[in-house]
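# Examination of the molecular architecture
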Amino acid sequence: MVYSRYPSGIAWKQVILDVLPENIGRIIDGIPQDVAENLEEIRIREGRPLIIHGRGKSYYLGPDGELCPSPEKAYYVNHSDIQSILQRVSNYSIYAVEEELRNGYITLKGGYRVGLAGKAVLEGGKIKTLKYINSFNIRICREIIGVADKVIRYIVSGGEVHHTLVLSPPQMGKTTLIRDIARQLSDGFPGFRGVKVGIVDERSEIAGCFQGVPQNNVGLQTDVLDACPKVEGIMMLIRSMSPAVIITDEIGKAEDVEAIEEALNAGIKIITTAHGSDIEEARRRPILSKILDKKIFQRIIVLGNSLGVGTVEKIYDGHTLNNLLDRPVR
C-alpha cells in the first residue's frame, strides 16, 4: 500500500492508491492538493503518458506527480504497470470479475469505477469478456449531499412527485444530481415524508454498489438493481419492489420508452436522464423526440456550465415548455 500524505483530507486516495503499482501510486500521491481535491479521472494507457482530468482541465503527470504542460516530460505507462493494475483491481483473480469485464468496468469499494479497454472476445455476437487489456479509466465519483436542493421544489409539489427528465452534456453532473434526488425523495424533507424509490443502476454509477451494497447515500427507502439493463430492471422493480419512484440514467433506446410507459401505467413516477444541451438538441434524436412529443415528463431540467459545472440552466414545464427559472442557478 502507498500511504497518502493527505491521509484525512482526500477520501478517494486510500482506495485508489491500493489498486495502483507503487511507482504510479507515488505519482498520483504527488499531485498538488488543490488538483487532487477536484480530480475526476485518472487515465492510464499502455505506452502513453499518464493523464488526469478535473474541472474541465487535463494534465500530463511527471514522475514525481508534477503537472506537465506537454507529454515530453510525462511518465509513460508500461506493460508491467498495466498487468499490475489488472491484478490489483481484480483482487488477483481475473476469472472472478468476468461479468464486470463483459460490461467494461469494475467497481471498487467506495463506489469508484475502473473502466477497461482492450480486445473484445465475442460469443454468439455478444461480448463474452475482454483480453489484452491496455488502458484504464479510474473515475473518482463524488457525492454532493444537498445538490438537489436547488431543483427539488420543482420536482415535488403538493406532495406529488413529477415525472422528470434531466438533460445534460457529458460530465455536467446529471448523475450526481439524480443521486441526491433519490436520497431526498427516499428520506423525505420538510413537507414531504419520503417514498419508496427503486434505482436501476445499469452502469453502477448512481449508487456505486460494491458487492451489492450502495457506497453512495441514495436514501433509507431505496432499493438498487446494480449492473442491470434498464428495461429488465424497470420491469423487475415494478413486479417485485412496489416503488413509488423509479430512477435510472441515460435513456435513448426505443425499448427504454416502452419500459417507461409500463411504469407510467403502473402509477410509478419516473426520474431519468439523457444527453442533450437543451430541448432543441434532444428533439434531434428520434427516441427523445418521441418522448417529448408524448409529454411524458412534467419537468425537464437542463444542466450546463454557464456558472460552472452543474449549473441548472433551465427547468421546463414538460407540458407547456415554459421555463420556470428566472435565471441559471449554481
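One can find the structure itself at the top, above this paragraph.
So, a few notes on the structure that sits alongside this text.

### Observations concerning the environment of N137
Looking at the secondary structure, you find N137 in strand β7 (residues 126-139). The exposure class of N137 is buried, given its relative accessible area of 14%. The spacing of N137 and R239 is 102 residues in sequence and 36 Å in space, taken between C-alpha atoms. Not counting residues within four places of it along the chain, the set of residues in contact with N137 comprises E41, I42, R43, R113, V114 and G115.

### Observations regarding helix α11 (residues 286-294)
Regarding α11, the residues found buried are L288, S289, I291 and L292. Considered in projection along α11, the buried side chains sweep an arc of 160° and stay on one side of the axis. Every exposed residue of α11 that faces more than 90 degrees away from the buried side is listed here: P286 and D293. On its buried face, α11 is in contact with β10 (164-168), α9 (254-265), β16 (269-275), α10 (279-283) and β17 (299-304). At the C-terminal side of α11, K295 shows a positive phi close to 55°.

### Some details on the side chain of T164
Note on placement: T164 falls in strand β10. Beyond its immediate chain neighbours, meaning those up to four positions away, T164 contacts I155, I270, I271, T272, F297, R299 and I301.

### Comments concerning the nonpolar core
Residues I28 and I44 are the most contacted members of the largest nonpolar core, which totals 37 residues. Listed by contribution, the elements that provide at least two residues to this core are α1 (13-18), α2 (22-29), α3 (33-36), β1 (41-45), α4 (79-89), β6 (113-123) and β7. Those residues within four positions of I28 in sequence are excluded, and the remaining contacts are W12, K13, L17, L20, I42, L50, I52 and L61. The next biggest cluster of nonpolar side chains, apart from the first, holds 29 residues, and it includes V151, I152, L177 and L185.

### Describing the packing of aromatic side chains
For the coordinates displayed, the defined rule picks out one aromatic pair. A cation over an aromatic ring shows up here: R113 above the ring of Y105, its NZ or CZ 4.8 Å from the ring centre.

### With respect to a negative patch on the surface
A surface patch of negative charge is lined by E232, E255, E258 and E262. A per-element tally of the negative patch places α9 first, with three residues. Residue position: E232 is located in helix α8 (residues 230-240). Among the residues examined, E232 registers a relative accessible area of 45% and is labelled partly exposed.

Definitions and limits used
Note on numbering: residues in each chain are counted from 1, in written sequence order. Per-residue local features are limited, in this predicted model, to residues with pLDDT of at least 70; the limit for side-chain atom pairs, both in listing and counting, is 80 or more; totals at the level of whole chains, interfaces and linings are taken over all residues. By convention in this description, side-chain values take in all heavy atoms of the structure and omit both hydrogens and water. Secondary structure counts use DSSP, requiring at least four H or I residues in a row for a helix and at least two E residues in a row for a strand, with both numbered from the N terminus. Burial classes follow relative accessibility: with a 1.4 Å probe on protein chains only, a residue under 20% of its type's maximum area counts as buried, one over 50% as exposed, and anything between as partly exposed. Throughout, a residue-residue contact means that at least one pair of heavy atoms, one from each residue, lies within 4.5 Å. It is the directions from the helix axis to the C-beta atoms whose arc is reported. Nonpolar core, defined: a set of buried Ala, Val, Leu, Ile, Met, Phe, Trp, Tyr and Cys residues in which side-chain atoms within 4.5 Å join the residues together. Between the rings of Phe, Tyr and Trp (Trp by its six-membered ring), a pair exists once the centres lie within 6.5 Å; its type follows the angle of the planes, with under 30 degrees stacked, over 60 edge-to-face, and the other angles tilted. Look at NZ for Lys and CZ for Arg. If either is within 6 Å of the ring centre and within 35 degrees of the ring normal, a charge sits over the ring. A patch is a set of surface residues, each over 30% in relative accessible area and not in a salt bridge, joined within 9 Å for like charges and within 5 Å for the nonpolar side chains Val, Leu, Ile, Met, Phe, Trp and Tyr. Methods summary: accessible areas were calculated by the Shrake-Rupley approach with a probe of 1.4 Å, and residue burial reflects only the protein chains presented. Definition used for salt bridges: Asp or Glu carboxyl oxygen within 4 Å of a side-chain nitrogen of Lys or Arg. Counting rule applied: Lys, Arg positive; Asp, Glu negative; His and chain ends not counted. Taken as the charge centre is NZ of Lys, CZ of Arg, CG of Asp or CD of Glu, depending on the residue.

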